Every structure is written in C-alpha cells, then in structure tokens.
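Descriptive structure summary
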Amino acid sequence: MKNGNTNFDFLILGAGIVGLTIARELKSRFPDQSILILEKELMVGLHSSGRNSGVLHSGIYYPPESYKAKFCAQGRIAMTEFCLEHKLPFREIGKILIPTRPEEASQISLLYERGGKNGVVVERLNKSDLSRLEPEAQSATGDALFVPVTSIANPKLVIKKMAEVLTGGGVTICYGAKPEFIDPVAKRVVTKDQEYSYGTFINTSGLHADTVAHQFGVGRDYTLLPFKGLYWKLDPASGIKLNHLIYPVPDLRVPFLGVHTTTNTEGDVYFGPTAVPAFGRENYKLLEDVNFLEASKFLKLIGIQVLTGRQGFRRLAWQEGRRYMKPWFWQAAKSIVPRLKMTNLLPCDKVGIRAQMYHLPTGQLANDFVVEKAENSVHILNSISPAWTCSIPFAKMIVDQYIQ
Ligand SMILES: Cc1cc2nc3c(=O)[nH]c(=O)nc-3n(C[C@H](O)[C@H](O)[C@H](O)COP(=O)(O)OP(=O)(O)OC[C@H]3O[C@@H](n4cnc5c(N)ncnc54)[C@H](O)[C@@H]3O)c2cc1C
C-alpha cells in the first residue's frame, strides 16, 4: 500500500460482517468506486462476527417496527443463499422456545402474536407435541413454540469467504491497520504506516464504534456497556441428543436471550451464551484487555441499572452474575434440558462480547441497531444480535438511506 492508492471513495473501519456486507453492497452499486477496509487485526473474525452462535434467527422476538424485525427474515434468506452459492455448511435446524417458570405462560402468547406480526411461521406446541419433537426439553407450563425457520451456519467460514470474495472483486482490505488519527474535516485517516483520504467514512468497528463515532461528534448519547457470552460444551458422551435449538422464553425488556442450546454445523452442542459483565472491550479471558478506568465506568453503569431496577436489571444481575460459576450456569441449562448433569458440561474456549450500547439520557440498554450520520460519515452502533443474521439487508438499507 505504501506506493499504492491512498485516496478512496469509501473507507470502512472494521472488517466484521457489518463492514464487509456494506462493502459488498457498495461494490455492487458503484463498481467503479474505490473501497478500502481498515482492520486492526491480522485476520477477519476475531471479534463478534467470528465468535457468535452461528444462528440465523427468524425474527420472532423483536417489536415489528425495529430494524431487527425488519431485516431478520430477509437476512436469513440472503445469508442462506450466500452459504449455498459458496458451498459453505448450513442447516435448517428449527428452534423450540419454552417457558422455564409458570409465570411465563403469557409470554408464549405474546411471542406467538409477535411472530405472526413479523411474518414468522410459528407453531404452538402442547406437552405431547413437545415430547415428540424434543424429548429432552422441559416446559414449566407444558406449552412451547416451534419456529421451523431457524438455521445455523458457520460464522468464521462465512466471514472468511466474504472477505475473499470482496478482495477478488477489487475491494482493498488492509489488515493490522488501526487509525492513530482521524480528521473528519480534512477527511483523512492516519495509521502507523500510511495516510488515507476518503470521500465517505463508514464506522463498523463493533466494540469500538462509540469511541470512533465520538471523534466525529456523533453518538454521544451512547457508550459501550460490554456483556460477555460464555459457553459450555455438551459432552458428546452424555447420551443427550437434541433435534433442535432450545431457548428459554426471554425477558423481552433486555436484549439477551437467556442460556440456550446451540448446535454448530459439525453437530457439536453448546449451552450459552451468558450475559455477564465484561471488564474490557475485548476482555475475553480473565484480565485480558482490562483498562481499570473503563472497567470502573462499566461497573458504575451496572450499579446504576441495579439500583434503579430499570429493564428488570436487579433480577438480571442476580441471575446472570452467578452464571460465571459453573453450578449456577448448570442450573440455567438444566431448566431447559432437565436430564443434563453438571459433569455433562465441558469447559470450552468459545466466548464472545456483545457490542451493547447504553443510552445515557434514558439510562437504558439500547435494544435495536443504531445508525448515526455526520457529514461524510455513517456510524453503526449497537450491532448486537441478530446483526449477523440481518447484515445483508441492513447493508442495503444503509447504502439506500445513508450513503446513496
Ligand atoms: C456471544 C455472541 C453470540 C451471538 N450470536 C449471534 C447469533 O447466533 N446470530 C446472530 O445473528 N448474531 C449473533 N451475535 C451478534 C453478531 O455476532 C454481531 O451482531 C455481529 O457479528 C456484529 O458484527 P460487526 O461487524 O458489527 O462487529 P465485529 O464482528 O466485532 O467487527 C468489528 C471489526 O472492527 C474491527 N475494529 C474495531 N476497532 C477498530 C479500529 N479502531 N480500527 C480498525 N479496525 C477496528 C475489529 O477488529 C473487528 O474485526 C452474537 C454476538 C455475541 C457476542
């Protein structure tokens, strides 16, 4: 790059699935314009887009007017087509949603209605339907929901292939490239090796999207409050066979789905992810990437949420905080698969961190994706689940409404 082009029509920061799908959309609309993606890591997939559960969600949970609801179904279909076109593993597995407490009975009706509004095929199951479809699952009320249109793919392979296709199509991806200085007025970005100028800057930096947006004078109402998703692997020798993904009925006030089962395309089953506080933006292991100043800010925000009890946070903190410890995690997992023994859960290194934004004026966790625009730049914040599922149609909307 030293002697190559350093002037690009579009500069995208972050080669996660959101940045890559926006690059793909831009390339197909403006084939003659130049696109540069700067990625701080030496390869794709080291953060959320390579660490997620790999579920192509149906969109049943989300309020109909949300981006999440609008793009889930189209996104699942578009990602399926991408997997089929590139011969990547993919499976239509279906999902079962079960109440784990008797008082969640009404949530089943609410989710059934919401699914209908969002155009998702949902079937109501009674006790005998449930034991026929998923003999290992248990419902606290006897009722359950079946969502046949939930699929799984391999997020690492998807993102690797997408980067390959883009590079082959003329998009430049620079790895190990992190801006040391950004000048939004001069439209200039300086990394340790190079200086670039751009026409439009697109911030898709996931866990760092708030700090980048703040440099452009936007997104100041948002700050990251990272939550770690830990998984445990089901011992293949446990004798427990699951036919579908099994999810508890979630608390719809918060953007977390509760400990559920995830089967990957190789057939391995995981329980998780938790939603426990992380002490750094990339705090995947113990004290890795812990900045004590930032960690104290995160703890303060959690403390405020617990004290005010907003979004059912007291219960969430009590429930999720304990799931750092195996016995409590096992309790949550056992509530959907009662035959599970604690010894059936094997430790594994699967862990991800949600790029969850906290909305400062309302003191609430943001529930939907957030898009902020400044002059010559667009910023994607709160790209939490199911942004992986939604990414392809979401990218089309970004180009239509914020870039075109
Ligand atoms: C535990 C977990 C499970 C999930 N499960 C699912 C699921 O089953 N289905 C689903 O649809 N979604 C799921 N999600 C959500 C999904 O993974 C994310 O919404 C999605 O991957 C976000 O993509 P992204 O491109 O915004 O972020 P990322 O994948 O994090 O990409 C951002 C990129 O920007 C780079 N970057 C950051 N800062 C800079 C900088 N300053 N300079 C250069 N590069 C930078 C990073 O290195 C990274 O590669 C899950 C998320 C988690 C955490």
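Definitions and limits used
Residues numbered from 1 in each chain as written. Predicted model: local features only at pLDDT ≥ 70, side-chain atom pairs only at ≥ 80, totals over all residues. Helix = DSSP H or I, 4+ residues; strand = E, 2+ residues; numbered from the N terminus. Rg over C-alpha atoms; globule rule 2.2 N^0.38 Å. Contact = placed C-beta atoms within 7 Å. Pairing = 2+ DSSP bridges. Buried ≥ 20, exposed ≤ 12 C-beta atoms within 10 Å, placed from the backbone. Near = placed C-beta within 6 Å. Nonpolar A, V, L, I, M, F, W, Y, C, P; charged D, E, K, R; others polar. Domains from an automatic or database assignment. Core = buried A, V, L, I, M, F, W, Y, C linked by C-beta atoms within 7 Å. Axes fitted to C-alpha atoms, helices over the stretch in contact; angles between N-to-C directions. Parallel < 35°, antiparallel > 145°, perpendicular 65-115°, else oblique. Left-handed = near helix turned anticlockwise from the far one by under 90°. Right-handed = clockwise from strand over helix to strand, strands pointing away. Expected span 1.5 Å × (residues − 1).

Secondary structure summary: the protein contains eleven helices and 23 strands in total. Taking 404 residues into account, the globule formula puts the C-alpha radius of gyration at 22 Å, and the protein, at 21 Å, falls close to it. Seen through its principal axes, the protein has C-alpha atoms that stretch 65 × 45 × 40 Å. A separation threshold of at least 6 residues defines the contact pool for the protein, and within that pool the share at least 24 residues apart is 76%.

Below, the discussion takes up the sheet that holds strand 4 (residues 90-92). Spatial strand order, 3-8-4: three strands in an open sheet with antiparallel pairing. Each having just a single partner strand, strand 3 (55-56) and strand 4 make up the two edges of the open sheet. Bridge analysis of strand 3 against strand 8 (residues 151-153) gives two bridges, and the strand direction is antiparallel. Looking at the pairing, V55 lines up with I152 of strand 8.

Another point: the pairing of strand 16 (residues 260-263). Of the two faces of strand 16, both are covered, the one formed by H260 and T262 as well as the one formed by T261 and T263. In this structure, the hairpin formed by strand 16 and strand 17 (residues 269-272) is closed by a connection of five residues, where G267 is found at a positive phi of approximately 95°.

To continue, consider the site of the ligand. Near the ligand lie 40 residues; those nearest to it are G14, G16, G206, G229 and G352. Considered class by class, the residues forming the shell around the ligand number 15 nonpolar, 19 polar and six charged. Each of domain 1 (7-48 + 156-222 + 368-403) and domain 3 (227-354) gives at least three residues to the shell around the ligand.

Ranked by size, the top nonpolar core spans 116 residues in total, and within it L11 and A333 carry the most contacts. Sequence-distant contacts of A333, that is, excluding residues within four places in its chain, are made with V259, F271, L340 and L345.

Let us look at the domain arrangement of the protein. As far as domains go, the protein holds domain 1 (7-48 + 156-222 + 368-403), domain 2 (95-148) and domain 3 (227-354). Computed from C-alpha atoms alone, the centre-to-centre distance between domain 1 and domain 2 is 38 Å.

For the rest of this paragraph, the subject is the environment of F71. Considering the arrangement of structural elements, one finds F71 in helix 3 (residues 67-85). Classification of F71 as buried rests on a count of 25 C-beta atoms within 10 Å. For the pair F71 and M397, spaced 326 residues apart in sequence, the C-alpha to C-alpha distance is 9.4 Å. If we ignore the near neighbours within four places in the chain, the residues touching F71 are C390, P393 and F394.

It is worth spelling out the environment of M325 at this point. Mapped onto the elements of the fold, M325 is located in the loop between helix 9 (313-322) and helix 10 (326-334). Through-space distance from the C-alpha of M325 to that of V185 is 49 Å; in sequence the pair is 140 residues apart.

This paragraph deals with the sheet that holds strand 7 (residues 144-147). Ordered in space as 6-7-5-15, the four strands form an open sheet in which the pairing is mixed. Where the open sheet ends on each side, the last strands, each with one partner, are strand 6 (123-125) and strand 15 (245-248). Strand-to-strand twist across the sheet, computed as the mean angle between neighbouring axes with direction ignored, equals 25°. Relative to strand 7, strand 6 runs antiparallel, the two being bridged by three bridges. Each residue of the ladder has a partner; that of R124, found in strand 7, is L145.

Axis separation between helix 1 (residues 17-29) and helix 11 (residues 387-403) bottoms out at 8 Å; the angle between their running directions is 40°. Our classification of the angle between helix 1 and helix 11 gives oblique. Pair helix 1 / helix 11 crosses with right-handed handedness. On helix 11, the residues touching I17, V18, T21, I22, R24, E25, L26 and R29 of helix 1 are A387, W388, S391, I392, A395, K396, I398 and V399.

With that out of the way, let us pick up the pairing of strand 2 (residues 35-39). Summarising burial for strand 2: five of the five residues are buried, a large majority. Here strand 2 shows two buried faces, one formed by I35, I37 and E39 and the other by L36 and L38. Pairing analysis gives four bridges linking strand 1 (residues 7-13) to strand 2, with the strands arranged parallel. Bridging from a neighbouring strand, L11 pairs with L36 of strand 2. Read as a crossover between parallel neighbours, the route from strand 1 over helix 1 to strand 2 is right-handed.

So, about helix 8 (residues 292-308). With 17 residues, helix 8 extends 24 Å from end C-alpha to end C-alpha; this agrees with the ideal 24 Å at 1.5 Å per step. Phi for G309, located one or two positions after helix 8, is positive at around 70°.

In this model, G272 is joined to P273 through a cis peptide bond whose omega is -15°. Its place among the elements puts P273 in the loop between strand 17 and strand 18 (276-277). Here S385 and P386 are connected by a cis peptide whose omega angle stands at 5°. By the secondary structure assignment, P386 is in the loop between strand 23 (377-381) and helix 11. Unlike most non-glycine residues, D289 shows phi in positive territory, near 55°. Position of D289 among the secondary structure elements: in the loop between strand 18 and helix 8. The backbone phi angle of N382 is positive, close to 60°, even though this residue is not glycine. Here N382 shows up in the loop between strand 23 and helix 11.

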